Structure formats: C-alpha cells, structure tokens
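Remarks on the overall topology
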Amino acid sequence: MIVLFTDFGLAGPYTGQVNAVLQETAPAVPVIQLFADAPPGQPKPAAYLLAAYAQWFPQGTILLCVVDPGVGSARRGLIAEAAGRLYVGPDNGLFELVLRRAASSRCWDISWRPPTLSASFHGRDLFAPVAGRLARGELPATLASPAVPRGYPDWPDDLAEIVYIDHYGNALTGLRGESLPPSAGLAVAGHPVAHAETFSSVPSGAAFWYVNSNGLVEIAVNSGRADRTLSLAVGSEVKILA
Amino acid sequence: MIVLFTDFGLAGPYTGQVNAVLQETAPAVPVIQLFADAPPGQPKPAAYLLAAYAQWFPQGTILLCVVDPGVGSARRGLIAEAAGRLYVGPDNGLFELVLRRAASSRCWDISWRPPTLSASFHGRDLFAPVAGRLARGELPATLASPAVPRGYPDWPDDLAEIVYIDHYGNALTGLRGESLPPSAGLAVAGHPVAHAETFSSVPSGAAFWYVNSNGLVEIAVNSGRADRTLSLAVGSEVKILA
Amino acid sequence: MIVLFTDFGLAGPYTGQVNAVLQETAPAVPVIQLFADAPPGQPKPAAYLLAAYAQWFPQGTILLCVVDPGVGSARRGLIAEAAGRLYVGPDNGLFELVLRRAASSRCWDISWRPPTLSASFHGRDLFAPVAGRLARGELPATLASPAVPRGYPDWPDDLAEIVYIDHYGNALTGLRGESLPPSAGLAVAGHPVAHAETFSSVPSGAAFWYVNSNGLVEIAVNSGRADRTLSLAVGSEVKILA
C-alpha cells in the first residue's frame, strides 16, 4: 500500500499527476490518499501530524510525503525506514518525529534521477517514481545511498501548537494524549479548555479537548467549529495549565 | 460496489483511513466516493439527499453512510436492506427516507465489534469494517441482530428546505420533482423562483427551479451561483406557491 | 488510462457518479482525477489549461473533459483524436487548442445515446459511457460520425490571462513558456513581475514568474499566495512588457 501525505490539494493537477506516475510505475499497488492538506509549506507541524497518522498503517506501508517549500534548492531527497515502514520525501524535517520515535531506523539519500526533473515538482518527477519502485520491490540501496538526515534537535518531542484544522473545524495539536494527564487544562488563544471523553460528553457549543482516534490531543466544540469559536489556526500556541 | 456517503471531507485523514480499511477488508471491491460533504452533523437533510442519490446505484450496492453527530454516545449502528441495496451507518434518521420509500426493508443492530473501537471515529473502526465484510459476502445476520430502527414519523415525505449546496452554488431541496407540478412557483429566502427545463432555457443571471438529474427539485442561476444570488444555505426554507 | 478534466468538484456527487459509470463500463481501466476545478463554466481558459496538461500523458490516454455551460442546449458532443490521445466532451471550444496544436487530428460528433439522457448531466449520462467504451476498445466510428468541430479562430495561440489559481495560490497563465524570453517582464493587475528560475531563487514574499512543470508561465510568491498578494483571479489580464 502506498499512502499519500502532501500539501498538494486534491482538486488541481498535483495529486492527479502523482497518481498517474504511481499507476504507471506500480500498477497493482493500491494508493490511499491520507492528507492532501497538510500544513502548506510547513514541514515542522506536518512532521508531528505525519508521525501520529503513519503509525496507524500496517508494516510494509510506503508513505509518499511531500511538504516541500525548498523544492528546486539543494535540499536532498530521502528514503527513510522507520518501525517497518518506508518514507519517501524531502530532507527538511518532515521525518524528524517519525525517526526520533522509532526504535530503529535507516536513511538513504536518493541518487536515482528521472530522465527529466522539473525544478518545481519533485513530488511527481522524483518522489513518486521512487515510491512506486519501492512498492514493486526494489530495495532502497538500488535507488539511494546511506545517509544521515538533517537533524532538528531543538524541535520538542511533543509540539504545543495547533498543527492541523480538520474539515469540521476541530484543531489538532502536536501533543500526544499520553503526554498529558486527563486532568490537565489547556489554554488556546486565551481560552481555557478542559478535558472530556468525547463530543456527547459536553453541552452543544462547549469547547473541550480529547484524545482523538489517532492519539493526538484535539480541541473541539460540540456541534460547532473550534477554529471559528476559538479563533484557531495552524501555529496557534497551546498552553498546558496543569 | 461500495459507495461512500459522508460528511468527512476528502482532503483530510478521514476518507483516507476509511478507504484503507475497505482496501484491507475487501481488496477486490471498487469504492466510489459519492458525497464527502453531506450536511455536516445533520442527519435530517442528509437523509433526503441520500434517498435521492442511492436509488441511482444498481441493486447489490453497499452504501457506507456516516453523518454521525452522536458518535461516542449510546446510539446504535445499523445495517439496513432496502430495495436491494445495503446501508451501513448510525441509527439517527439517516436511513429514514430510504426505508420509508422502499417496498420492503429489513434492519439489523450491529453487534460485531473491532479489537479497538475509538470513541470518535466509528466510520473507520466499526462501519467500514462491517461494510467491507458485507462487500465480500458475509451476511448481515453474522454481524448484527434484527432490530427496528429509531423512527422519525414527524419528518415529511418531502422536505421543503435546502438540503445541499453544490460546487456550482446550485441549491438542492429535499423535494422530489414528482411532488410538484411544473407550473408550481417556489419562494426561497423571499425570492420567487419559476420552473424552467434547464439552464439554457433562461437568461444569464436568472434564477429558476428544475428537476435535477437525480430527481430532486434544484434551484439554480444560469451562469451564476444561486447560493450567493439568493443567499441560500442548508436549512433555508422553500415555500411552494401554487 | 482515463483522465478526468472537469469543473465538477470532488466532494459532491458529480465526480462520484462519473466514476461509477466508468467503473461499470470499463472496470479494468484506471481512472486518474486530473482537474475537478477547471474554470467553472468557462471553456476558453479551460482549453489552454487542458492543452498544457494533456500533453504530459502517454499516447493512448482517453481524456474525459467536461466544462459545459451549454448542457441541455443543442451543442454537440465530440470525440477528438489529437496527437495520439482521445478526448470526449462538449463541442464548445474546450478542445480548440489541443486540436490546433496537434500535427494531425480527427473529430466525430457523438451519435450514441444512452437509454436515459438527463438534460443537465451529460458528463454522467453521455460522455462517461462513451469514454468507457473507447477505453475498452470500441472505435470512435462505432459511437460517432465524422464531423468538423466548431472553430474559434479568434482565440489566440497563447492566452495572456490567468486561467487557473492553484491550491497554493499560484496563478497559471495561458502562455506557454516557449512563447516568452526569460528576460520578459510581466505586469498583472498593475504589478510588475520579473522572471526567476524557481521559488528559492527569490526572497520570501517576493512575486516572480517562472515556467511551471507543465510548460505554462506561472505567477507565484515565495512562501506566499500570489492570488491574494496580487489580487488575481481567473480572467485577470497579463501584460507582456518586453
């Protein structure tokens, strides 16, 4: 299975062209569209989102990950192996948390090059063909050389910020549920927010935090949109009160 | 064929995770994404939309339907068989019109449980695995117990409200075309709207109603957006003038 | 491979119903969703976008193209063969640039009719079944009669307008990169815009133009949205200064 994690959007040409390359390179492999609206051009919040969602997929999954503001510059392309999954994408911190949380990991600098490489769309021209080749069984070492990825040691293990606003207006943080006691209070954008088990535990219109189905601390409003009610956006700071 | 009817959105993780579960559970079965933007958290308008669109699909189709504001509460999960199609989703009125319009129907309360059931994402953890099992040939009775669904007898047979705004700004009502004579005038948000056969029958910028390609009364503006021109939203009342 | 180029949107029912028809008609053929947000109801800018993106696909690709404000009127349905690819869609100019740029081409007027043809959704009822039949090997001549498409001789070879705003806010023009020297300056909405090789060549927040990965002149802002920074929309005029 190939899983797409990108900031490409779905309606325009980017995801479609990537899917066409995957279809031509690895026709028998199912492709799952996970995120097409990862934080645009922001590898740091995207890295916390990716680490939380990637672990839900089975061993052997190949994740094609593109949040790539440096496309066209000298940044490298990586293959990363972590906890039994393979990741393909830019060396810009996107895999920092996946790698840090894995018991063991390996990385390679992609040396394979396509006949034509555009300056602005490595997702289509470089990363998708490499992901397709891995999916049909080629080994990382045939496409890439062992490498140490760029490190981001100053990034925390859990990020006390909003990293994603979902379709319902719920605000996902970069905090894992296991990092907070249920008694913890949070404050976001000046609003105190207490814990609840789920939506139906609080009155309509009330804000609360809970641990979502992928293990992240999420801020929501029952029958409402947390992003509008609390004025939240990707990057909004979260304070842990207790 | 499995058909998805949800309020999950497409760009974020919800539809992708559901597709991954279906792929693992019933790999050979094609999945069609019908609606990912059903009225969020509003089973009543969604029920009229679903009933109009489900009938277009062939007998034997399995419809995975999730508009589920009560997720995490005690509401049941249903399998419904109506007019030769199977429906899987919450017992909250979403299947009320499908069931009411079917010559014969049966319902089951889902007793199957996954190893892990999140409080907030039964679409992924409960309904998708059940839909996948039905798609690969398991019988409802192996996954669920016969049950009478919650009834909504006060809901009308046709709903004189806007139930969906489409990508072009056209406003779909919960009225079937067969419930109105072509001579009927409508009023929405204070604007009178007359019948026309199709877009090219009226001048550019003019509002009209017509019976859309799935049998619903739809309000549109030729070369314009009815939602903006007439200030319409899901829930806007429609008056039948004659 | 069948490629979809439409203004249908993805979240609502239109793309889903088209996919269901293709699945039933040509089950073994992969379908790639390229554009679902082509300029709504505007065949002219859509024609320049289509011509630029279609050429990226391999010979033998079938492109199902629907930007169709005249649906329900007397406009014809076409099959066009150009440069080894087949196109199916309305005879409204959408294929004008594809045909004009092809060394050789042929066109047919679709005579095949479905058992039921709605007035408002020929994409589902007419064009998708025809595309599916072509994909499974039926010949154009079995579905259509040779015809000369409507011509648009006053449309220029390159269109100095914005034809698409992408997910990142980048503004694609209808100008091919080969039509401009790299020294050319542009002006859009009163703003002068100079050439750069790629995003990382200019400071954060700066606007520039470059030739995108499909050969079109595109206006972008490094780490920003060109549409908002420069107030651009589909139809905004582009002036070539030198």
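Small disclaimer: the values here were computed from a predicted structure and weren't measured.

**Comments concerning the overall build of chain A**
Tallying secondary structure elements over chain A gives six helices and 14 strands in all. Rg of the C-alpha trace for chain A: 19 Å, near the compact-globule value of 18 Å for 242 residues, within the 12% margin. Principal axes of the C-alpha set define a box for chain A whose edges measure 55 × 35 × 30 Å. The buried share of chain A, taken over its 242 residues, is 59%. Contacts in chain A between residues at least 24 apart in sequence constitute 68% of all its contacts with a sequence separation of at least 6. Carbon and sulfur atoms make up 53% of the accessible area of chain A, which totals about 8900 Å². Side chains of chain A carry 16 positive and 20 negative charges; the gap between the two charge centres is 4 Å.

**Details of the relation of the copies chain A and chain B**
Both copies of the chain are related by one operation, a rotation about an axis with a shift along it. Expressed as a screw transformation, the operator carrying chain A onto chain B has a rotation angle of 120 degrees and an axial translation of 0.0 Å, and the superposed copies differ by an RMSD of 0.0 Å. The operation mapping one copy onto its partner corresponds to a three-fold rotation axis. Every residue of chain A has its C-alpha some distance from the rotation axis, and the shortest such distance is that of leucine 10 of chain A, at 4.6 Å. In this assembly, only 8% of the residues forming the interface of chain A have copies in chain B that are likewise at the interface, indicating a heterologous arrangement.

**A word on the sheet that holds strand S11 (residues 191-193) of chain B**
Residue and element names in this part refer to chain B. The three strands lie next to each other as S11-S10-S14, forming an open sheet whose pairing is antiparallel. Single-partner strands in this sheet number two, and they are S11 and strand S14 (238-240). Recorded for the sheet is a direction-independent mean angle of 30 degrees between the axes of neighbouring strands. Looking at chain direction, strand S10 (residues 186-188) and S14 are connected through three bridges and run antiparallel. Across the sheet, residue valine 188 finds its bridge partner in S14, namely valine 238.

**Some remarks on the packing of helix H1 (residues 13-25) of chain C against helix H4 (residues 122-135) of chain C**
Residue and element names in this part refer to chain C. For the pair H1 and H4, the least separation of the axes is 9 Å and the interaxial angle reads 35 degrees. Helix-helix and strand crossings are classified by hand; for H1 and H4 the assignment is right-handed. Contacts between H1 and H4 involve Gln17, Val18, Val21, Leu22 and Thr25 from the former and Gly123, Arg124, Ala128, Pro129, Ala131, Gly132 and Arg133 from the latter.

**A look at the pattern of salt bridges**
Opposite charge on two side chains permits them to pair, given that their charged atoms come into close proximity. Applying the stated criterion across every chain, the model contains 29 salt bridges over all chains. Between arginine 124 of chain B and aspartate 125 of chain B there is a salt bridge; the shortest N-O distance is 2.7 Å. Aspartate 125 of chain B carries the same exposure label as arginine 124 of chain B, and that label is buried. Two residues, arginine 176 of chain C and aspartate 158 of chain C, come together in a salt bridge whose shortest N-O distance is 2.8 Å.

**Considerations on the relation of the copies chain C and chain A**
When chain C is fitted to chain A, the best match, at an RMSD of 0.0 Å, comes from turning it 120 degrees and sliding it 0.0 Å along the axis. Interface overlap between copies: only 9% of the residues of chain C at the interface are likewise at the interface in chain A, consistent with a contact formed by different surfaces.

**A word on the interface of chain A and chain B**
Contact residues are listed per partner, giving 24 residues for chain A and 24 residues for chain B. Note on chain A versus chain B: buried area summed over both sides is about 1900 Å², and carbon and sulfur give 61% of it. Taken together, the links from chain A to chain B amount to zero salt bridges. Counting the contacts that link chain A with chain B gives eight residue pairs in polar contact (both at pLDDT 80 or more).

**Brief notes about the pairing of strand S4 (residues 77-82) of chain B**
Residue and element names in this part refer to chain B. Here S4 lies mainly inside the structure; five of its six residues are buried. Across six bridges, S4 lies against strand S5 (residues 85-90) in antiparallel orientation. Paired with alanine 82 across the two strands is arginine 85, which belongs to S5. Between the end of S4 and the start of S5, which pair antiparallel, lie two residues, with alanine 83 showing a positive phi angle near 50 degrees. Two strands pair when backbone bridges link them, and S4 and strand S6 (residues 105-110) are joined in this way by five bridges, in the antiparallel orientation.

**Regarding the sheet that holds strand S8 (residues 159-165) of chain A**
Residue and element names in this part refer to chain A. In space, the four strands of this open sheet follow the order S8-S9-S13-S12, with antiparallel pairing throughout. On the outer flanks of this sheet lie S8 and strand S12 (207-211), each paired with one strand and no other. Across the sheet, the axes of successive neighbouring strands diverge by a mean angle of 30 degrees, strand direction being ignored. Along the sheet face, helix H2 (residues 43-54) touches S8, strand S9 (171-176) and strand S13 (216-221) and points at about 80 degrees away from the line of S8.

**Brief notes about the confidence of the model for chain A**
With 100% of its residues at a pLDDT of 70 or more, chain A shows a mean pLDDT of 96. Scored as a whole, the predicted complex attains pTM 0.97, and scored at its interfaces, ipTM 0.96.

**Looking at the pairing of strand S3 (residues 62-66) of chain A**
All names here are of chain A. Most of S3 is tucked away: five of the five residues are buried. Side chains Ile62, Leu64 and Val66 of S3 all project onto a buried face; the interleaved residues Leu63 and Cys65 project onto the opposite face, where all are buried too. Bridge count for strand S1 (residues 2-6) against S3 is five bridges, and the pairing is parallel. Each bridged residue has a counterpart across the sheet, and for leucine 4 the counterpart in S3 is leucine 64. Sheet analysis places S3 next to strand S5 (residues 85-90), joined by three bridges and oriented parallel. Bridging across to S5, leucine 64 finds its partner in valine 88.

**Points about the interface of chain C and chain A**
Listed by partner, the interface residues are 23 residues for chain C and 24 residues for chain A. Ranking the residues of chain C by area buried against chain A places Trp56, Tyr168 and Ser213 of chain C at the top, with a combined share of 28%. The interface formed by chain C and chain A holds zero salt bridges in total. Taken together, chain C and chain A are joined by eight residue pairs in polar contact (both at pLDDT 80 or more).

**Comments concerning helix H2 (residues 43-54) of chain B**
Most of H2 of chain B is tucked away, with 11 of its 12 residues classed as buried. The set of residues buried in H2 of chain B consists of Pro43, Pro45, Ala46, Ala47, Tyr48, Leu49, Leu50, Ala51, Ala52, Tyr53 and Ala54 of chain B.

**Focus on unusual backbone geometry**
A positive phi angle is found at alanine 83 of chain B, which is not glycine, with a value near 50 degrees. Relative to the helices and strands, alanine 83 of chain B is located in the loop between S4 and S5.

**Let's talk about the side chain of glutamate 218 of chain A**
The residue glutamate 218 of chain A is located in strand S13 in this model. At 9.8 Å, arginine 124 of chain B is the nearest oppositely charged side chain to glutamate 218 of chain A, a buried residue that forms no salt bridge. Reaching out from glutamate 218 of chain A, the side chain makes a polar contact with the side chain of asparagine 170 of chain A at a distance of 3.1 Å. Not counting chain neighbours up to four residues away, the residues in contact with glutamate 218 of chain A comprise Asp166, Asn170, Ala171, Leu172, Phe208, Trp209, Tyr210 and Asn212 of chain A together with Tyr14 of chain B.

What counts and how
- Residues numbered from 1 in each chain as written.
- Chains lettered and ligands numbered in written order.
- Predicted model: local features only at pLDDT ≥ 70, side-chain atom pairs only at ≥ 80, totals over all residues.
- Heavy atoms only, no water.
- Helix = DSSP H or I, 4+ residues; strand = E, 2+ residues; numbered from the N terminus.
- Rg over C-alpha atoms; globule rule 2.2 N^0.38 Å.
- Buried < 20%, exposed > 50% of the residue type's maximum accessible area, 1.4 Å probe, protein only.
- Contact = heavy atoms within 4.5 Å.
- Areas by Shrake-Rupley, 256 points an atom, 1.4 Å probe, with all protein chains shown as cover.
- Lys, Arg positive; Asp, Glu negative; His and termini not counted.
- Charge placed at Lys NZ, Arg CZ, Asp CG, Glu CD.
- Least-squares fit on C-alpha atoms with pLDDT ≥ 70 in both.
- Pairing = 2+ DSSP bridges.
- Axes fitted to C-alpha atoms, helices over the stretch in contact; angles between N-to-C directions.
- Left-handed = near helix turned anticlockwise from the far one by under 90°.
- Salt bridge = Lys/Arg side-chain N within 4 Å of Asp/Glu carboxyl O.
- Buried area = accessible area lost by both parts, 1.4 Å probe.
- Polar contact = N/O pair within 3.5 Å; in protein donor to acceptor, adjacent residues only side chain to side chain.
- pLDDT = per-residue confidence, 0-100.

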